[in-house]
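Given next are the chains, with one letter for each unit.
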Amino acid sequence: MFQSLPLAALIGTFVLAAIAIWLAGVKLSNSTDVLSQRFGFGEALGGVILLAIATNLPELAITASAAWSGEIGLAVGNILGGIAIQTVVLVALDAFGVPDDVPLTYRAASLTLVIEGLLVVAVLVVAIMGTQLPPTLIAARVAPDALLIAILWVVGVWLIGRANKHLPWHDTTGNAPDSQEEPKGYSKVAKTKGATDKSPSPSRPIIVFAVAATVTLVAGILLERTGESIAAHIGMSGVLFGATLLAAATALPELSTGLASTKLGDYKLAVSDIFGGNAFLPVLFLLATLISGKSVLPQAQNTDIYLAGLGILLTSVYLGGLIFRSKRRFAGMGIDSLVVLILYAIGTAGLFAITIMAKGTGRS
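This structure is a prediction, so every number in the text was calculated from the model and none was measured. (Residues numbered from 1 in each chain as written. Predicted model: local features only at pLDDT ≥ 70, side-chain atom pairs only at ≥ 80, totals over all residues. Heavy atoms only, no water.)

Caption draft 1: Seen up close, the overall build of the protein. On a plain count of helices and strands, the protein comes out with 15 helices and two strands. The burial tally for the protein puts 51% of its 364 residues in the buried class. Contacts spanning at least 24 positions in sequence make up 87% of the contacts within the protein whose residues lie at least 6 apart. (Helix = DSSP H or I, 4+ residues; strand = E, 2+ residues; numbered from the N terminus. Buried < 20%, exposed > 50% of the residue type's maximum accessible area, 1.4 Å probe, protein only. Contact = heavy atoms within 4.5 Å.)

Here it is in structure tokens:
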């Protein structure tokens, strides 16, 4: 259906779907926060899982649609490329969301965020290891690598929940001195109070969540289908398109909600949402395996492994920023954000070089 459309129509549909994801993603995130508070999920495992699924619905829809249509490369590229570009969202939050004269990681620094960043690194390392397994290692539509990633994520979220309550340190909360004064997530309480004042009925956030989720899922499928056709029209590989333009479109809700959190001074929540979403994305490999009936990670290309390494590298830079807490800013951002921006630009250039070289040697 979409292959027959002219390029201008495909681009127009892609842009409209991205706008829909931006608008619906904001409503989805806000309604999820309200539901978590009203129904007592809070920092519990159920609340974290609900938030992770809600904020990654575009990627979930794209992964499911791509796996169903056999476009495994687009699904894998979107997941791993999404981690890299969503980490770069922190650069925008640092540059445009922090009114102080100190960087984002200085205000957000806490041991809990370091643990969340380590979880991102851990699931990506397992994903890289999974690429080396034989593709025949699958039973009942479940591959051991994808299953291990999902289990590791659940255990990691449980540990993060414990760290949020108590750590055996001098400051049992694990917060650095001179970081934000209010506890992480206090802006969610403010959202809930504002929503309750406007509409005390508990059904309203449920309806908003359902409508926003539906719009996000439909828009995500449109992004995947039109993106596949656009890549074919311009001669761009599905992996490269999924890791750049498609990943950027699906990262728009994280940018919007992150700016909303930093505007309220909830810097820890802004960083936590990015790390939390990035840690959840590799769990979608299990979904892709279940739908396609194939072991996805062993089919990974060089570009996929490259993107996973880039995601680890960018996350590691911010982990260093959270630990060293430099107050210095350059070009309106912290040193860590500037390094991440430079590394991402170099990494993207390298991704194009790998793709061009693969075409020249006849490899897909």
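There's plenty left to go through after this.
Caption draft 2: Looking closely at the pattern of salt bridges. In total, this model carries one salt bridge according to the counting rule given. A salt bridge links Asp94 to Arg329; the nearest nitrogen and oxygen atoms lie 3.3 Å apart. With Asp94 in helix α4 (residues 72-96) and Arg329 in strand β1 (residues 329-330), this pair connects stretches of sequence that are 235 residues apart. Looking at Asp94, the relative accessible area reads 1%, which means it is buried. (Salt bridge = Lys/Arg side-chain N within 4 Å of Asp/Glu carboxyl O.)

Caption draft 3: Fine view of the nonpolar core. Ranked by internal contacts, the top residues of the largest apolar core, which has 80 residues, are Leu90, Ile149, Trp153, Leu223 and Phe285. Looking at this core element by element, the count peaks at 13 residues for α4. Ranked by size, the runner-up nonpolar core spans eight residues in total, among them Ala24, Leu28, Ala54 and Ala212. (Core = buried A, V, L, I, M, F, W, Y, C linked by side-chain atoms within 4.5 Å.)

Caption draft 4: Quick look at the packing of aromatic side chains. This structure, assessed with the given rule, holds one aromatic pair. Here the guanidinium or amino end of Arg325 rests over the ring plane of Tyr106, the centre of that ring lying 4.0 Å away. (Phe/Tyr/Trp six-rings, centres within 6.5 Å; stacked < 30°, edge-to-face > 60°. Lys NZ or Arg CZ within 6 Å of the ring centre and 35° of its normal.)

Caption draft 5: Region of interest: empty space enclosed by the protein. This structure, assessed with the given rule, holds four cavities of 30 Å³ or more. Taken together, Gly81, Ala84, Ala243, Thr244, Leu307, Leu310, Tyr344, Gly347, Thr348 and Leu351 make up the full set of residues lining the second largest cavity. Ranked by residues supplied to the lining of the second largest cavity, first place goes to helix α15 (residues 335-360) with four residues. The residue inventory of the lining of the second largest cavity, partitioned by class, reads six nonpolar, four polar and no charged. (1 Å grid on protein atoms, 1.4 Å probe; cavity = no way out; pocket = protein on both sides within 12 Å on 5 of 7 lines; lining within 4 Å. Points joined across faces, edges and corners; volume = space filled by probe spheres on them. Nonpolar A, V, L, I, M, F, W, Y, C, P; charged D, E, K, R; others polar.)

Caption draft 6: Layout of the environment of Ile335. Here Ile335 lies in helix α15. Spatially, the C-alpha atom of Ile335 lies 9.9 Å from that of Thr105, the residues being 230 residues apart in sequence. What Ile335 contacts, discounting residues up to four positions off in sequence, is Ser326, Arg328 and Phe330.

Caption draft 7: Highlighting the side chain of Glu59. With respect to the secondary-structure elements, Glu59 resides in helix α3 (residues 57-68). An unpaired buried charge is present at Glu59: no salt bridge exists, and Arg225, the closest side chain of opposite charge, is 16 Å distant. If sequence neighbours within four positions are ignored, Glu59 has contacts with Asn78, Gln86, Thr250, Glu254, Leu281 and Leu284. (Lys, Arg positive; Asp, Glu negative; His and termini not counted.)

Caption draft 8: Representation of the environment of Met129 in the model. By the secondary structure assignment, Met129 is in helix α6 (residues 111-130). For Met129, a relative accessible area of 54% corresponds to the exposed category. Separated by 176 residues in sequence, Met129 and Ile305 place their C-alpha atoms 9.5 Å apart.

Caption draft 9: Quick look at the packing of α3 against α4. Between α3 and α4, the shortest axis-to-axis distance is 7 Å and the interhelical angle comes to 160°. The angle between the axes of α3 and α4 places the two elements in the roughly antiparallel class. Of the two possible hands of crossing, α3 and α4 adopt the one that is left-handed. Of α4, the residues touching α3 (which contributes Glu59, Ile62, Thr63, Ala66 and Ala67) are Ile72, Ala75, Asn78, Ile79 and Gln86. (Axes fitted to C-alpha atoms, helices over the stretch in contact; angles between N-to-C directions. Parallel < 35°, antiparallel > 145°, perpendicular 65-115°, else oblique. Left-handed = near helix turned anticlockwise from the far one by under 90°.)

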